[in-house]
Amino acid sequence: AERHLANGFRALKMRLGRNRDYDRAALAAVRRTIGPNNRLMIDGNARYSLDQARSLVTDFRRADIFWLEEPFLPEKPDDFVALRADLDGIPLAAGENEFGPQGFRELIDGDVVQIVQPDCCRCGGLTAALQIAEVARKRGLRVAPHTWSDAVALTANMHLVASLPHAITVEMDQTGNPFIENLLQDPLQIENGEIKLPEAAGLGVELNTAAVERYSLSPGDPIPAGNYSDMVFGAEHYAPAEPY
């Protein structure tokens with residue numbers, strides 16, 4: 001958290017869902033570290049039951065979290081709705097596992113979330129993301145795209161947010177992902193909580209050809225073992241979390 005603040009970020013998101021003692025301690029430690037004037041968002045990573053999430057509500061309130069993202073599996077919208085009364089105004093967010101405008105209808109029409117999270121590279125492109133955002137606007141919901149892929153997808157989501165009056169923020173992977181950090185000729189820059197939007201034609205970015213060549217595979221080549229953002233290849237890199 002200290003490193004992210006030093007690098008210009010003013011809103012941070014952390015994953016919880018290991019166990020209750022860890023979640024409470026980590027939540028308090030990060031809020032204490034970033035102070036009261038920076039946003040803290042929580043991703044439950046679909047790890048909680050309804051009772052487990054309720055047991056942490058007091059801690060969420062004490063830490064003044066900005067949103068609670070995907071505390072439950074996408075297949076359990078009723079749990080989202082049931083938790084809302086306990087959260088006392090803390091918004092629920094979800095959407096990274098939905099595809100196309102039709103996939104977001106349950107979230108929006110069912111009052112499942114207050115913050116909708118389409119991702120241009122998952123939900124069907126910029127056009128689909130704009131359609132989803134317009135449905136959300138009509139229902140009084142806000143938009144905060146999911147982005148955990150590469151700098152091209154990130155830039156597309158930046159343009160999406162810049163075009164929407166009801167969009168909140170852009171997510172930027174800070175786990176050392178080379179497809180975020182090395183893929184563009186001119187890396188994206190963060191300064192005092194803001195990211196500069198490219199102004200050239202199209203998405204406005206140019207690929208770093210050396211990075212493209214380094215990470216490209218010929219058709220039919222096996223993918224080397226490793227942890228590539230959301231995708232894991234090779235048993236030595238697969239470390240599933242223990243049950244909560």
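Quick note: structure is the one above.
Residues numbered from 1 in each chain as written. Predicted model: local features only at pLDDT ≥ 70, side-chain atom pairs only at ≥ 80, totals over all residues. Heavy atoms only, no water.

**Focus: the side chain of His-4**
Spelled out, the test is: Counting from the N terminus, the helices are the DSSP runs of H or I reaching at least four residues and the strands are the DSSP runs of E reaching at least two. We call a residue buried when its accessible area falls under 20% of the maximum for its residue type, exposed when it is over 50%, and partly exposed in between, using a 1.4 Å probe and counting protein chains only. Pairs of residues are marked as contacts when any of their non-hydrogen atoms sit within 4.5 Å.
Within the secondary structure layout, His-4 lies in helix α1 (residues 2-6). A relative accessible area of 19% places His-4 in the buried class. Discounting residues that sit within four places of it in the chain, His-4 has contacts with Phe-9, Leu-12 and Gln-174.

**Regarding the nonpolar core**
What counts, and what does not: Throughout, nonpolar core names a set of buried Ala, Val, Leu, Ile, Met, Phe, Trp, Tyr and Cys residues whose side chains join them through atoms within 4.5 Å.
Formed by 47 residues in total, the largest nonpolar core has its most connected members in Ile-42, Phe-60, Ile-65, Leu-68 and Leu-83. Considering every element that reaches this core, the biggest residue donor is helix α8 (residues 126-138), with six residues. With residues near it in sequence (within four places) discarded, Ile-65 still touches Leu-27, Leu-40, Ile-42, Phe-60 and Ile-90. Of all hydrophobic cores here, the second largest spans nine residues; its members include Met-158, Leu-183, Leu-184 and Leu-188.

**Examining the side chain of Asn-177**
Quick reminder of the rule: For the purposes of these results, a polar contact is taken to be a pair of N or O atoms within 3.5 Å, where, inside protein, one atom must be able to donate a hydrogen and its partner to accept one; residues adjacent in sequence count only when each atom of the pair is a side-chain atom.
Assignment of secondary structure puts Asn-177 in the loop between α9 (151-162) and α10 (178-181). A polar atom in the side chain of Asn-177 sits 3.2 Å from the side chain of Asp-173.

**A closer look at the environment of Ala-26**
Summarising the element assignment, Ala-26 is placed in helix α2 (residues 20-34). We classify Ala-26 as buried; its relative accessible area is 12%. Each C-alpha atom of the pair Ala-26 and Ile-90 lies 19 Å from the other, and the pair is 64 residues apart in sequence.

**A closer look at the pairing of strand β1 (residues 11-15)**
Heads up, the rule is: Two strands qualify as a pair provided that DSSP identifies no fewer than 2 bridges between them.
Residues Leu-12 and Met-14 point to one face of β1 and are all buried, whereas Ala-11, Lys-13 and Arg-15, pointing to the other face, are not buried. With five bridges connecting them, β1 and strand β2 (residues 39-43) associate as parallel partners. Along β2, the bridge assignment pairs Leu-12 with Leu-40.

**Describing the packing of aromatic side chains**
Rules: Paired rings are identified among Phe, Tyr and Trp, the last through its six-membered ring, by centres lying within 6.5 Å, and are further divided according to the angle between planes into stacked (under 30 degrees), edge-to-face (over 60) and tilted (the rest).
What the rule picks out here adds up to four aromatic pairs. On the numbers, 6.1 Å between centres and 50° between planes, the contact of Phe-66 with Trp-67 is tilted. What makes Trp-67 buried here is its relative accessible area of 3%. When the ring of Phe-179 is compared with that of Tyr-215, the centres are 5.2 Å apart and the planes differ by 65°; the resulting orientation is edge-to-face. Of this pair, Phe-179 sits in helix α10 while Tyr-215 sits in helix α11 (residues 209-215), and the two are 36 residues apart along the sequence.

**Points about the pattern of salt bridges**
The condition that has to hold: By definition, a salt bridge exists where a carboxyl oxygen of Asp or Glu is found within 4 Å of a side-chain nitrogen of Lys or Arg.
The tally for this structure, following the rule as stated, stands at eleven salt bridges. In this structure, Glu-96 and Arg-122 form a salt bridge, with 3.9 Å as the shortest nitrogen-oxygen distance. With Glu-96 in the loop between β4 (92-94) and α6 (100-109) and Arg-122 in helix α7 (residues 120-123), this residue pair connects regions lying 26 residues apart in the sequence. The exposure class of Arg-122 is partly exposed, given its relative accessible area of 23%. Two residues, Glu-134 and Arg-137, come together in a salt bridge whose shortest N-O distance is 2.6 Å.

**Focus: the state of the cysteines**
In plain terms, the rule: Note on terminology: disulfide denotes any pair of cysteine sulfur atoms within 2.5 Å.
Counted by the stated rule, this structure contains zero disulfides. Here Cys-123 is not cross-linked by a disulfide; its sulfur's nearest cysteine counterpart is in Cys-120, at 5.8 Å.

**Considering the sheet that holds β4**
Filter applied, for reference: Only the stretch in contact is used when a helix axis is fitted, and all axes are lines through C-alpha atoms; the angle between N-to-C directions ranges over 0 to 180 degrees.
Taken in spatial order, the six strands line up as β1-β2-β3-β4-β5-β6 in an open sheet, and their pairing is parallel. Looking at the sheet topology across the chains shown, the edges are occupied by β1 and β6 (142-143). As judged from the two bridges shared by strand β5 (residues 115-116) and β6, these two strands associate in the parallel manner. Its bridge partner being in β6, Val-116 is matched across the sheet by Val-143. Relative to β2, α2 is tilted by about 160°, and along the sheet it contacts β1 and β2.

**Description of the environment of Cys-120**
By the secondary structure assignment, Cys-120 is in helix α7. For Cys-120, a relative accessible area of 7% translates into the label buried. Put simply, Cys-120 and Phe-99 are 21 residues apart on the chain and 9.8 Å apart in space, counted from C-alpha to C-alpha. With residues near it in sequence (within four places) discarded, Cys-120 still touches Gly-125, Leu-126, Ala-129, Ala-156, Asn-157 and Leu-160.

These figures come from the coordinates and say nothing about function on their own.
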